[in-house]
Amino acid sequence: MALEDVFKKLVAHCKEYGYVFPSSEIYDGLSAVYDYGQYGVELKNNIKKYWWDSMVLLNDNIVGLDSAIFMHPTIWKASGHVDAFNDPLIDNKDSKKRYRADVLIEEHIAKIEDKINKEVEKAKGRFGETFDEQKFRETNPRVVANQAKIDEINTRFSVAMNDTNLAGIKQIIVDNEIVCPVSGTRNWTDVRQFNLMFATEIGSTAEGASKVYLRPETAQGIFVNFLNVQKTGRMKLPFGIAQIGKAFRNEIVARQFIFRMREFEQMEMQFFVQPGTELEWFKKWKETRMNWHQALGFGSENYRFHDHVKLAHYANAATDIEFKFPFGFKEVEGIHSRTDYDLKQHQEYSGKKMQYFDPEKGESYVPFVIETSIGVDRMFLQVISAAYDEELLTKEDGSTDTRIVLRLPSFLAPVKLAVMPLVKKDGLPEIAEKIVHDLKFDFNCQYDDKDSIGRRYRRQDAIGTPYCITIDHQTIEDNTVTIRYRDSMQQERVRIDQLTVLIKEKVSLQSLLKKL
Ligand code: GAP
């Protein structure tokens, strides 16, 4: 199946099974805004817990924070967002479609990269064991020419972006004959800047309202509270502050479902370190965060780092963790070495010292910062795309059937356990209800007695429930039930009094955290 079709099915599945709904759907929706349904909210909460505990519980030098969405407007002036949180936009005059000029260029580069990779794959097949990929990439004339094209575009692109040279960005589009994906023409407007922050007013008009912004990142709430937390928590460098919260961006091109939204949630951690040690910490956090992703078991081949060539003026190192979505490798998380830029800016704009007194050195300085920043919604999309599976089953009579199953890691699954009486009589529902009543204090259970047992299993597979318990007539005799495993569909008989321990161990966050 084409990857595009897989993605469409995934989006439809999320809606059909109560994971994600378009916002304001009965009013025809609101572009790039989504609501999470009954299962979506559970999965989202579990993702947040996995992140939060891996930061705050496992590290005694990382503490949490929950800062407000509204902040003093000068914060956004100091952080550079008022002047520089812009995307370069360009319109195609024929299709009337609007694009991010930088994305058009990046997609063009990705197409050339694809060509190179196809060439390499073909050669790999031809030469087999003896294939020397590095040598091939350095000597094959087509690969060398395409790589040279990429390097040339990257160099020009990086200079133009750093200088905010909008004419230069347009010239790259013109010179590379990049066409509008809809009209197929090169009839472009000039490139213009577009600020991504949403603004609103605080206070009544009578008092004189003032303009405030909806935060475009949670990080600034951490920076401005740096001293509050450091002093009240008596924190010593190196230490981190973690925060989960909503962020808002008026994205020009909002698409790919919950990948790029106008209202989304971030999980950010700022790690404050001694100047000069930041690159060591950057390396450490790169590894730590990649392990966090890979511990979910979706396959290490589905992740890669994308180190930034083009660094923001305040950063001295930056990388993205990319995941292989159905629409290709894309950023899920950013890890940035942000130097002392933000704290220094706030020091200058607020007139308050943002310094740390180092008792060992006997001196005060502005710490450097490593930031890890991941979108909850993008992580959600990573998990659900990796978990979605259509499995072809061959029945006893030789016919085939497709089983749709969400292979969610047990800890992340919204419902851990479905409890089903085989029939709705003979006292079986009462036993099932009692089991739910006893287990619901430990994990999310669901009672289900509608339809045939096979259909009930399929319903639970589709929402990703890892375990189903069936109560049958043997249960009345010996207090045992069958447990059915979602992934293997294997069943085994266990005693009712063993259930809590058995399932608790399988669905606990502890076993996931212990892998880190
Ligand atoms: N404080 C740094 C910062 O905000 P960013 O790369 O702009 O950096 C960090 O965003 C993460 O937030 C991204 O890796 C992505 O997961 C998520 N994110 C950013 N914009 C988003 C959007 N429009 N919709 C959903 N998630 C988004």
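Just so you know, these numbers come straight off a predicted model, no measurement behind them. (Residues numbered from 1 in each chain as written. Predicted model: local features only at pLDDT ≥ 70, side-chain atom pairs only at ≥ 80, totals over all residues. Heavy atoms only, no water.)

Here we look at the domain arrangement of the protein
Basically, it comes down to this: The source of the domain bounds is an automatic or database domain assignment. Any two residues whose heavy atoms approach within 4.5 Å at even a single point are treated as in contact. By convention, the term buried area covers the 1.4 Å-probe accessible surface removed from two parts as they join, with the contributions of both added. Each salt bridge in this description consists of a side-chain nitrogen of Lys or Arg and a carboxyl oxygen of Asp or Glu lying within 4 Å of one another. Two N or O atoms form a polar contact when they lie within 3.5 Å of each other; inside protein one atom must be a possible hydrogen donor and the other a possible acceptor, and for residues adjacent in sequence the pair counts only when both atoms belong to side chains. Gly is put with the polar residues, along with every residue not named as nonpolar or charged; the nonpolar set is Ala, Val, Leu, Ile, Met, Phe, Trp, Tyr, Cys and Pro, and the charged set is Asp, Glu, Lys and Arg.
Once the domains are mapped, the protein shows domain 1 (1–68 + 209–403), domain 2 (86–195) and domain 3 (410–513). Relative to domain 2, the C-alpha centre of domain 1 lies at a distance of 27 Å. Between domain 1 and domain 2, the contact holds eight residues from the first and 13 residues from the second. Taken over both partners, the interface formed by domain 1 and domain 2 buries close to 860 Å², and the fraction arising from carbon and sulfur atoms is 57%. Where domain 1 packs against domain 2, one counts one salt bridge. R100 serves as the salt-bridge partner of E251, at 4.0 Å between the closest nitrogen and oxygen. Linking domain 1 with domain 2 are zero residue pairs in polar contact (both at pLDDT 80 or more). Each residue belonging to the side of domain 1 that touches domain 2 can be placed in one class, and the counts come to three nonpolar, one polar and four charged.

Considerations on the pairing of strand β13 (residues 328–337)
Residues in a regular strand point their side chains to alternate faces of the sheet. Rule in force here: What makes two strands pair is DSSP finding at least two bridges between them. Helical segments are the DSSP runs of H or I of at least four residues, strand segments are the runs of E of at least two, and each set is numbered from the N terminus.
Relative to β13, strand β12 (residues 317–325) is paired through nine bridges, and the arrangement is antiparallel. Opposite F323, over in β13, you have K330 as the bridge partner. What sits between the antiparallel neighbours β12 and β13 is a turn of two residues. Taken together, the five bridges between β13 and strand β16 (residues 368–375) define a ladder with antiparallel strand orientation. Paired with S337 across the two strands is I370, which belongs to β16.

Describing the packing of aromatic side chains
Any two aromatic rings considered together are summarised by their centre-to-centre distance and by the angle between their planes. Here is the rule we go by: Within 6.5 Å between ring centres, the rings of Phe, Tyr and Trp (the latter by its six-membered ring) count as paired, and their orientation is classed by plane angle as stacked under 30 degrees, edge-to-face over 60, tilted in between. The rule is simple: take the accessible area with a 1.4 Å probe, protein chains only, and divide by the maximum for that residue type; under 20% is buried, over 50% is exposed, in between is partly exposed.
The full count for this structure, using the stated rule, is 25 aromatic pairs. Taken together, a centroid distance of 5.2 Å and an interplanar angle of 80 degrees make the contact between Y34 and F257 edge-to-face. Note that Y34 is positioned in strand β2 (residues 34–36) and F257 in the loop between β9 (239–248) and β10 (263–273), a separation of 223 residues in sequence. The class of F257 is buried, set by a relative accessible area of 9%. Their ring planes at 85 degrees and their centres at 5.3 Å tell us that F323 and F325 sit as a pair that is edge-to-face. Each member of the pair, F323 as well as F325, is classed as buried. Aromatic ring contacts, followed pair by pair, group F7, Y34, F257, F259, Y303, F323, F325 and F327 into a single cluster.

Things to note about the sheet that holds strand β21 (residues 467–471)
Sheet strands line up and pair through hydrogen bonds in the backbone, either parallel or antiparallel. Test applied: All axes are obtained by fitting lines to C-alpha atoms, using only the stretch in contact for helices, and the reported angles, taken between N-to-C directions, cover 0 to 180 degrees.
Within the open sheet, the five strands sit side by side as β20-β19-β21-β22-β23. Their pairing is mixed. The open sheet has two edge strands with one neighbour each: β20 (445–447) and β23 (491–495). Across the sheet, the mean angle from the axis of one strand to that of its neighbour is 25 degrees, orientation sign disregarded. Where strand β19 (residues 417–421) meets β21, five bridges bridge the pair, whose relative direction is parallel. Its bridge partner lying in β21, P421 is registered against I471.

Focus on the packing of helix α7 (residues 141–162) against helix α8 (residues 166–175)
Our working rule: Here is the rule for angles: anything less than 35 degrees is roughly parallel, anything more than 145 is roughly antiparallel, 65 through 115 is roughly perpendicular, and the remaining ranges are oblique.
Packing of α7 against α8 brings their axes to within 8 Å, and their N-to-C directions diverge by 155 degrees. What the angle tells us is that α7 and α8 run roughly antiparallel. Contacts between α7 and α8 pair I153, R156, F157, A160 and M161 from the former with G168, I169, Q171, I172 and D175 from the latter. Here the contact of α7 with α8 is built from residues that sort into six nonpolar, two polar and two charged.

Details of helix α11 (residues 278–294)
Convention followed: For a helix, the expected span equals 1.5 Å multiplied by the number of residues minus one. Taken from the helix axis, the directions to the C-beta atoms give the arc we talk about.
For α11, spanning 17 residues, the distance from its first C-alpha to its last is 24 Å, which sits close to the expected 24 Å at 1.5 Å a residue. Listed in full, the buried residues belonging to α11 are E278, F282, W285, K286, R289, M290, W292 and H293. Taken end-on, α11 shows its buried residues confined to a sector of 150 degrees, consistent with a single buried face. Relative to its buried face, α11 has exposed residues pointing more than 90 degrees away, namely E280 and K283.

Quick word on the pattern of salt bridges
Under the counting rule described, the total for this entry stands at 40 salt bridges. The partner of R98 in a salt bridge is D91, and the shortest N-O contact between them spans 2.9 Å. In this structure, D389 and R407 form a salt bridge, with 3.0 Å as the shortest nitrogen-oxygen distance. You can see D389 sitting in strand β17 (residues 388–394) and its partner R407 sitting in the loop between β18 (400–406) and β19, a full 18 residues away along the chain. Since its relative accessible area comes to 24%, R407 is described here as partly exposed. Look at the salt bridges and you will find they share partners, linking D389, E391, R403, R407, D461, R484, R486 and D487 into a network.

Side note on the pairing of β17
Where β17 and β18 come together, seven bridges link them in antiparallel fashion. Note on β18: the bridge partner recorded for Y388 is L406. Two successive antiparallel strands, β17 and β18, enclose a turn made up of five residues, where G398 displays a positive phi of approximately 90 degrees.

Here we look at the site of the ligand
Going by this rule: The near set for a molecule or strand comprises every residue that places at least one heavy atom within 4 Å of it. For the area figures, the Shrake-Rupley method with a 1.4 Å probe applies, and any residue is considered shielded solely by the protein chains shown.
Within the structure, the ligand sits among 20 residues, and E217, E251, E268, E331 and V332 are positioned closest to it. E251 places a side-chain nitrogen or oxygen 2.8 Å from a nitrogen atom of the ligand. With respect to the ligand, the backbone of M261 contributes an N or O atom lying 2.8 Å from a nitrogen atom. Here the ligand loses 91% of its free accessible area of 560 Å² to cover by the protein chains. Considered class by class, the residues forming the shell around the ligand number six nonpolar, four polar and 10 charged.

Some thoughts on a nonpolar patch on the surface
Note the threshold: Like charges within 9 Å and nonpolar side chains (Val, Leu, Ile, Met, Phe, Trp, Tyr) within 5 Å are joined into patches, using only residues over 30% in relative accessible area that form no salt bridge.
On the surface, a nonpolar cluster with roughly 280 Å² of combined accessible area is contributed by L57, L58 and L516. Topologically, L57 is positioned in helix α2 (residues 38–57). Taking the relative accessible area as the measure of exposure, L57 reaches 59% and is therefore exposed.

Topic: unusual backbone geometry
With an omega of -5 degrees, the peptide bond running from L237 to P238 counts as cis. Turning to its location among the elements, P238 is positioned in the loop between α10 (226–232) and β9. Of note, the phi angle at D426 is positive, near 60 degrees, even though the residue is not glycine. Inspection of the secondary structure assignment puts D426 in the loop between β19 and α14 (428–439). According to the relative accessible area criterion, D426 is partly exposed, its value standing at 44%. The phi dihedral of N479 is positive, around 60 degrees, even though this residue is not glycine. Within the secondary structure, N479 sits in the loop between α16 (473–478) and β22 (480–485).

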